[in-house]
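Listed below, chain by chain, are the residues.
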Amino acid sequence: MPLEEQEWLLLGTYLSHVVVARDGTPARLVVPDPRYFGLQKLWMSAQVKRDPRKKPKDRRQGMAVLSATKATMPHISMDEEFEKAIPVELQPFYESWKVNYIGSPTPRWR
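If you're wondering where the values come from, they're calculated on a predicted model, not measured in any experiment. Once a new chain begins, its residue numbering starts again from 1 and follows that chain's sequence as written. Predicted model: local features are reported for residues with pLDDT of at least 70 only, side-chain atom pairs are reported and counted for 80 or more only, and whole-chain, interface and lining totals are derived from all residues. With hydrogens and water stripped out, all remaining heavy atoms of the structure feed into the side-chain values.

Visitor: Explain the side chain of Ser-45 to me, using residue names and the numbers behind them.
Guide: Counting from the N terminus, the helices are DSSP H or I runs at least four residues long and the strands are E runs at least two residues long. By secondary structure assignment, the location of Ser-45 is in helix α1 (residues 34-45). The exposure class of Ser-45 is buried, given its relative accessible area of 16%. A distance of 2.6 Å separates a polar side-chain atom of Ser-45 from the backbone oxygen of Leu-42. Contact between two residues is taken to exist if any of their heavy atoms lie within 4.5 Å; hydrogens are not considered. For Ser-45, the residues in contact, after removing those within four places along its chain, are Lys-55, Asp-58 and Arg-59. Burial classes: relative accessible area under 20% of the type maximum marks a residue as buried, over 50% as exposed, and values in between as partly exposed (1.4 Å probe, protein chains only). As used in this structure description, the phrase polar contact means that two N or O atoms lie within 3.5 Å; if the pair is within protein, one of them must be able to donate a hydrogen and the other to accept it, and residues adjacent in sequence are counted only when both atoms belong to side chains.

Visitor: Go over helix α2 (residues 55-72), please, and point to the residues and values.
Guide: Relative to the 26 Å expected for 18 residues at 1.5 Å per residue, α2 spans 25 Å between its end C-alpha atoms, a close match to the ideal helical length. Those residues of α2 that sit buried are Asp-58, Gly-62, Met-63, Leu-66, Ser-67 and Thr-69. Angular distribution of buried residues about the axis of α2 spans 160 degrees; they occupy a single face of the element. Counted as exposed and oriented over 90 degrees from the buried face of α2: Ala-71 and Thr-72. Structurally, α2 contributes buried residues whose contacts are with α1 and α4 (91-101). Between the first and last residue of a helix there are one fewer steps than residues, each counted as 1.5 Å, and that sum is the expected span. Starting at the helix axis, one direction is taken to each C-beta atom, and the arc is that of these directions.

Visitor: How would you sum up the nonpolar core? Please name residues and give values.
Guide: Definition of nonpolar core: a set of buried residues of the types Ala, Val, Leu, Ile, Met, Phe, Trp, Tyr and Cys, connected through side-chain atoms within 4.5 Å. Formed by 16 residues in total, the largest nonpolar core has its most connected members in Leu-39, Phe-82, Leu-90, Tyr-94 and Trp-97. When contributions to this core are tallied by element, the ones reaching two or more residues are α1, α2 and α4. Residue contributions to this core peak at five residues, all from α1.

Shape is all these values report; function is a separate question.
This is the structure in structure tokens:
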């Protein structure tokens, strides 16, 4: 069920993985598509009503998730087809990430 201002987390392909807890029991994690999670965090960092103390963390997390996805998850495409599917409200945040990361040996958003 979509939650207001979090509906983007339902887009894309979720990831499912089984992890092992410290006590040895398995736990299945089902998480949103990291591309949309990163974009959601960047969007949150720009919201006026967001706690100003949380905005820098949201921005760092969003940039880090998108960058990690690009660098370590080749099976998750960030190509032209993905870019066309990004909701219009999130497009400026994706463009900001691209300008600040792609082509840079070291991310400039630190």
